[in-house]
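# Coordinate analysis (summary)
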Amino acid sequence: LWHYKIGFQYVQAMLFAIEEINNSTDLLPDISLGYKIYDACVSIARGVMVALALANGFHLYFCQISHLATCACLSDKTKYPSFLRTIPSDYYQSRALAQLVKYFGWTWVGAIRSNDDYGNNGMATFTETAQQLGICLEYSVSFFRTDPPVKIQKIIDIIKASTSKVIVTFLSPSEVYVLMHEFFYHNLTGYQWVGTEAWIFDSETAARDRHHILDGAIGLSIPKAHVSGMREFMLDVKPLNSSSNELFAKFWEKLFSCKFNKSKSTDGNQRECTGHEDVTGVQNSFTDMSLMPIFYNIYKGVYAVAHALHNILSCNKIWFKTKEGDEVYFNENGDPAAKYEIVNWQPPENGIVDFCMVSIKKKKKNRSLQRILLIVYLFMQVPLSVCSEKCPLGTRKVLQKGKPVCCYDCLRCAEGEINNITDSVTCVRCDHEFWSNERRDACVKKEADFLSYEEIMGALLTAASLFGTCMTAVVAFIFFRYRQTPIVRANNSELSFLLLFSLSLCFLCSLTFIGRPSEWSCMLRHTAFGITFVLCISCIMGKTIVVLMAFRATLPGSDVMKWIGPAQQKLSVLGFTLIQVIICILWLTISPPFPFKNFKTFKDKIILECALGSSVGFWAVLGYIGLLAVLCFSLAFLARKLPDNFNEAKFITFSMLIFCAVWITFIPAYVSSPGKFSVAVEIFAILASSFGLLICIFIPKCYIILMKPEKNTKKNMMGKGAPKSL
């Protein structure tokens, strides 16, 4: 019945157009158009045969105008020079379908096509466009409705084994019926169907989908059309109601379940057709005008022929307007303008599928295609059909070996790299002053790291430095308070106070290493450290030389004491210190230390430190301190066994031993410590050596002064064998 109904409606549409033209006084006046009707019986071979039979009846140039053939192959004028159509070419539909699939994020789809020119050409164009848009086809199969069951089963097996949930089709309705049956038989559900104009807006296809296999289907259809008077004409079949009209008779018998010319052999329960049955009084497929867009194409095709005859123009230059105001023209390929509607099958209510249709027209003030697709999106439940989930921010795509480009793994960006674009194939490295955050989706400014007063290590070192300064001040106060006692006056009290002053500077200079490095602090910290320590060691060396020379002065005929008086001791301290000052001045003049941002030690931090400027200058300062320390230690070591109840050389030897040990271990620790820890190592070395000198040289004397005052006498200090000069 469906084939009869469709064919009969196509005939009615053509007759309506011919009748209008023949009744027109403007188009082909005094000329009446005739017609011949051939039934193609849904057969390509028969369709070609009847078309050739119709063409053979003409002796002039023949133009074949189609209302339903969409294959892009027919646009090739070298093969089909006389072909025109009033339905858009699949060249546009295939690309539009690819854009539709891309919009909904379906990058992993299956494809099923008819094994004919319509399916193969349409799917080839879709595949080409889909690949350009980043859409991958998991499978692409073809079949024909008359194929053996074994081939259909192979297609079903492929679909069962697939992971994609979207099926793009280039099929005729009859092939869709085959798939609906097979999907129901094999219990295949949950697929999103994408269809073409061949079946997506066909009410018969929707009516046959009793098991809701195609629920939610989406696709493109020809725009809705309205031709005034056509529906009424098509339902008024009385001009054809003759039992001698074979086409009418077969259709009428199928439509009303009756028979013309009832005979005795006919089923007695089947009534006889009168030909006057009321078509408008029944609700069936014939009264359904869902294919009005196709009828309108037939209508325009007939009018195209009439206008061509009227203007004596060649077929590819036809241009006219229908009575509804639509422009009709053909381009150089014989194709009309491509216009489509998006169709979505909404879940059926009362068993009837609701076609949700949104028009796409090019008008200045019309909504954009993106907004149209958004409207469709809101009405449908969009499934997910991807080979791999979208790579989130902070990751990049890495293709899976041997699989299509839509199949990939998401790898996290490496440290220092970010990606703030979904599905990106690359990560971007942050600028050298920035670092990636934990999510790897943004670059954040690196933390500036330096030894500050606020952190625990900086606070502890600061406290140690101030404690050492206060301790030195207390010792200086005790020495000043008991400056007239023998133990203070022994071995040049002025050098003792100068030594205490230099030790306080040693403790305080460590504070210049703490805090954010600046140009002045970088120059001050190393030079202050170098000069104060040389001053300190020079004082100790002066005291050591005094002890050593004092005992040599007891030898007969010795006059060395006149060379080591207070003035000479002060000059020696000044001379030794002046050499260090000169080294520091040269260092600061030639290549001074400067603030430096270290990006290499830690990847996620900027180490603010003081670059040495000239490494030679730095090691010259340390080397000079080391030279004096070794010399001082050697002299003290020689004087350690001199007879004396309170031999200061012993304590100096021990203090210098600590000093040298600290600075010998400092060098490898300083070189191997990263960032602010190298600064902390240097401060620790300064404080440790300073405390060593203070404690070893002065604490024993303070103990005698405060706790053993009876020993703080000249007699006790002289001891046996001690020189009187002490």
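Residues numbered from 1 in each chain as written. Predicted model: local features only at pLDDT ≥ 70, side-chain atom pairs only at ≥ 80, totals over all residues. Heavy atoms only, no water.

On to the sheet that holds strand β19 (residues 594–598), then. Reading across from one edge, β18-β20-β19 is the order of the three strands in this open sheet, with mixed pairing throughout. Strands with a single pairing partner mark the edges of an open sheet, and in this sheet they are β18 (447–449) and β19. With direction set aside, neighbouring strand axes in the sheet form an average angle of 30°. As defined by bridge partners, β18 adjoins strand β20 (residues 605–611) across three bridges and the pair is classed as parallel. Following the sheet pairing, D449 is matched in β20 by I607. (Pairing = 2+ DSSP bridges. Helix = DSSP H or I, 4+ residues; strand = E, 2+ residues; numbered from the N terminus. Axes fitted to C-alpha atoms, helices over the stretch in contact; angles between N-to-C directions.)

On to the pattern of salt bridges, then. All chains considered together, the criterion is met by 11 salt bridges. A salt bridge links E433 to K597; its shortest N-O distance comes to 3.6 Å. Pair noted here: E433 is in the loop between β15 (428–429) and β16 (434–436) and K597 is in strand β19, with a separation of 164 residues, a long-range link. The partner of E455 in a salt bridge is K676, with the nearest N and O atoms 2.9 Å apart. (Salt bridge = Lys/Arg side-chain N within 4 Å of Asp/Glu carboxyl O.)

On to the state of the cysteines, then. In total, this model carries eight disulfides according to the counting rule given. Disulfide pairing places C391 opposite C410 at an S-S distance of 2.0 Å. Note on the C391 and C410 pair: the S-S dihedral is about -90°, so by sign convention the disulfide is left-handed. Of the two residues, C391 sits in the loop between α11 (369–379) and β12 (395–399) while C410 sits in strand β13 (residues 408–412), which places them 19 residues apart along the sequence. Residue pairing for C522: its cysteine sulfur links by disulfide to C610, the two sulfurs lying 1.9 Å apart. The sign of the -80° torsion about the S-S bond sets the C522-C610 disulfide as left-handed. Of this pair, C522 sits in helix α15 (residues 519–552) while C610 sits in strand β20, and the two are 88 residues apart along the sequence. For the pair formed by C522 and C610, the shared burial category is buried. Between C536, a cysteine without a disulfide, and C506, which holds the nearest cysteine sulfur, the sulfur-to-sulfur distance is 4.8 Å. (Disulfide = S-S within 2.5 Å. Buried < 20%, exposed > 50% of the residue type's maximum accessible area, 1.4 Å probe, protein only.)

Taking 1.5 Å of rise per residue, the 14 residues of helix α3 (residues 90–103) would be expected to cover 20 Å, and the 19 Å separating its terminal C-alpha atoms lies within 8% of that figure. Buried within α3 are the following residues: D90, Q93, S94, L97, A98, L100 and V101. Down the axis, α3 shows its buried residues gathered within 160° of arc, on one side only. Where α3 begins, one side-chain oxygen reaches toward the backbone nitrogen of Y91, 3.0 Å away; that side chain belongs to S89. Two residues or fewer past α3, G105 is found with a positive phi of approximately 80°. (Expected span 1.5 Å × (residues − 1). Arc of directions from axis to C-beta. Polar contact = N/O pair within 3.5 Å; in protein donor to acceptor, adjacent residues only side chain to side chain.)

It is worth spelling out helix α18 (residues 648–672) at this point. An ideal rise of 1.5 Å per residue puts 36 Å on 25 residues; α18 measures up with 37 Å between its terminal C-alpha atoms. Along α18, the sharpest kink reaches roughly 30°, centred on F666 and followed within four residues by the proline P668. Here α18 has its buried residues at E648, A649, I652, T653, S655, M656, F659, C660, V662, W663, F666 and Y670. (Bend = angle between axes of the 7 residues up to and from the residue.)

Now for the UniProt feature "transmembrane region" (unreviewed entry) in the protein. Those residues carrying the UniProt feature "transmembrane region" (unreviewed entry) are residues 456–482, 494–515, 527–551, 571–590, 618–639, 651–671 and 683–706 in this numbering. Its end C-alpha atoms 35 Å apart, residues 494–515 is made of 73% helix and 0% strand. Summarising residues 683–706: 100% helix, 0% strand, and an end-to-end C-alpha distance of 31 Å. (UniProt positions renumbered as here; feature names shortened; annotations may be inferred.)

Below, the discussion takes up a nonpolar patch on the surface. A surface patch of nonpolar side chains, about 420 Å² in accessible area, is lined by L578, I582, L586 and I590. By secondary structure assignment, the location of L578 is in helix α16 (residues 566–590). (Patch = residues over 30% accessible without salt bridge, like charges linked within 9 Å, V, L, I, M, F, W, Y side chains within 5 Å. Areas by Shrake-Rupley, 256 points an atom, 1.4 Å probe, with all protein chains shown as cover.)

Here we take up the nonpolar core. One broad trend across soluble globular proteins is that nonpolar side chains are buried collectively. Core analysis: the largest hydrophobic core is formed by 79 residues, its most contacted members being I112, F183, W193, M230, W252, F295 and W345. Those elements that provide at least two residues to this core are α1 (2–22), β4 (136–143), α5 (149–161), α6 (173–185), α8 (230–235), α9 (246–256), α10 (292–311) and β10 (340–349). (Core = buried A, V, L, I, M, F, W, Y, C linked by side-chain atoms within 4.5 Å.)

With that settled, the discussion passes to unusual backbone geometry. The phi torsion at L28 lies on the positive side, around 50°, for a residue other than glycine. The exposure class assigned to L28 is buried, which follows from its relative accessible area of 5%. At D30, a position not held by glycine, the phi torsion is positive, near 65°. Checked against the element boundaries, D30 lands in the loop between α1 and α2 (44–55).

Topologically, S142 is positioned in strand β4. The exposure class assigned to S142 is buried, which follows from its relative accessible area of 15%. Measuring from C-alpha to C-alpha, the distance between S142 and N115 comes to 5.1 Å, with 27 residues separating the pair along the chain. Apart from the residues lying within four places of it in its own chain, the contact partners of S142 are R113, N115, N120, K151 and I155. (Contact = heavy atoms within 4.5 Å.)

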